[in-house]
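Residue-level structure breakdown
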Amino acid sequence: NAGVTQTPKFRILKIGQSMTLQCTQDMNHNYMYWYRQDPGMGLKLIYYSVGAGITDKGEVPNGYNVSRSTTEDFPLRLELAAPSQTSVYFCASSYPVVGGESTDTQYFGPGTRLTVL
Amino acid sequence: AQRVTQPEKLLSVFKGAPVELKCNYSYSGSPELFWYVQYSRQRLQLLLRHISRESIKGFTADLNKGETSFHLKKPFAQEEDSAMYYCALREYGNKLVFGAGTILRVKS
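1. Overview of the interface of chain A and chain B
With 25 residues of chain A at the contact, the number on the chain B side is 18 residues. Buried area between chain A and chain B, both sides added, is near 1,800 Å², and the carbon and sulfur share of it is 52%. On the surface where chain A and chain B come into contact, there are zero salt bridges. Our count for the chain A to chain B interface comes out at five residue pairs in polar contact (both at pLDDT 80 or more). Secondary-structure elements contributing two or more residues to the side of chain A that touches chain B are β4 (31-38) and β5 (42-51) of chain A. Counted by class, the side of chain A that touches chain B contains 15 nonpolar, eight polar and two charged residues.

The following block contains the structure:
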């Protein structure tokens, strides 16, 4: 299993440009997540999905959009890039909690380092 | 709102010294807490979770509900423990709230 894969690894955007960060997992996980990691701030949840066709906002969704047409893929879209979106973006996936005992280990991708100039 | 606090941005210790990475949380229900670790050039990965009561790579963490803490401890630090450590709290719907992280640097 490749686990969670993300593309691209690095990207530089100009202000106002748009792009899609790709995320794919081959573990048949229902849950998928997008985080951004800023220095000294930890990871902040942008969007998450509990299954194909279902997405919801996290803590910092403004400026982003997501879709979940398949179990495997969870792309993150930046429509009008801004310098404040310069960050490292992580995608993660997990199984749902089963039987009241938490089995919710999140598996992370390698990250995408995005710079907006 | 749920909150996870890691008060130290950087913790520097000598090899063989004890390590304690602090984590405090605020949560209205029964908390589920985790420690995640990111080694240099590697992915963020689960280190341990409180319900398992396990010791991983010599690390342990005990949930103290009275002090709302989940500190990560290791009696003798090793150079390969150098990494970024995140404490995380599970919210409803399997979402995690992460602390700001602590860089552990083990010096030889």
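The rest of the description comes next.
2. Considering the nonpolar core
W35, L47, L48, F70, L72 and Y85 of chain B are the most contacted members of the largest nonpolar core, which totals 25 residues. Contributing elements (two or more residues each) for this core: β2 (10-14), β3 (19-21), β5 (33-38), β6 (45-49), β9 (83-90) and β11 (102-107) of chain B. Sorting elements by how many residues they give to this core places β9 of chain B first, with four residues. Those residues in contact with L72 of chain B that sit more than four places away from it in its chain are V19, E20, L21, W35, L47, L48, F59, T60, A61 and Y85 of chain B. By size, the runner-up hydrophobic cluster in this structure holds 20 residues, among which are M27, W34, Y64 and C91 of chain A.

3. Focus on the side chain of R49 of chain B
With respect to the helices, strands and loops of the structure, R49 of chain B is situated in strand β6. For R49 of chain B, the side chain forms a polar contact with the side chain of T105 of chain A, separated by 2.9 Å.

Rules used in this analysis
- Residues numbered from 1 in each chain as written.
- Chains lettered and ligands numbered in written order.
- Predicted model: local features only at pLDDT ≥ 70, side-chain atom pairs only at ≥ 80, totals over all residues.
- Heavy atoms only, no water.
- Contact = heavy atoms within 4.5 Å.
- Buried area = accessible area lost by both parts, 1.4 Å probe.
- Salt bridge = Lys/Arg side-chain N within 4 Å of Asp/Glu carboxyl O.
- Polar contact = N/O pair within 3.5 Å; in protein donor to acceptor, adjacent residues only side chain to side chain.
- Helix = DSSP H or I, 4+ residues; strand = E, 2+ residues; numbered from the N terminus.
- Nonpolar A, V, L, I, M, F, W, Y, C, P; charged D, E, K, R; others polar.
- Core = buried A, V, L, I, M, F, W, Y, C linked by side-chain atoms within 4.5 Å.
- Buried < 20%, exposed > 50% of the residue type's maximum accessible area, 1.4 Å probe, protein only.

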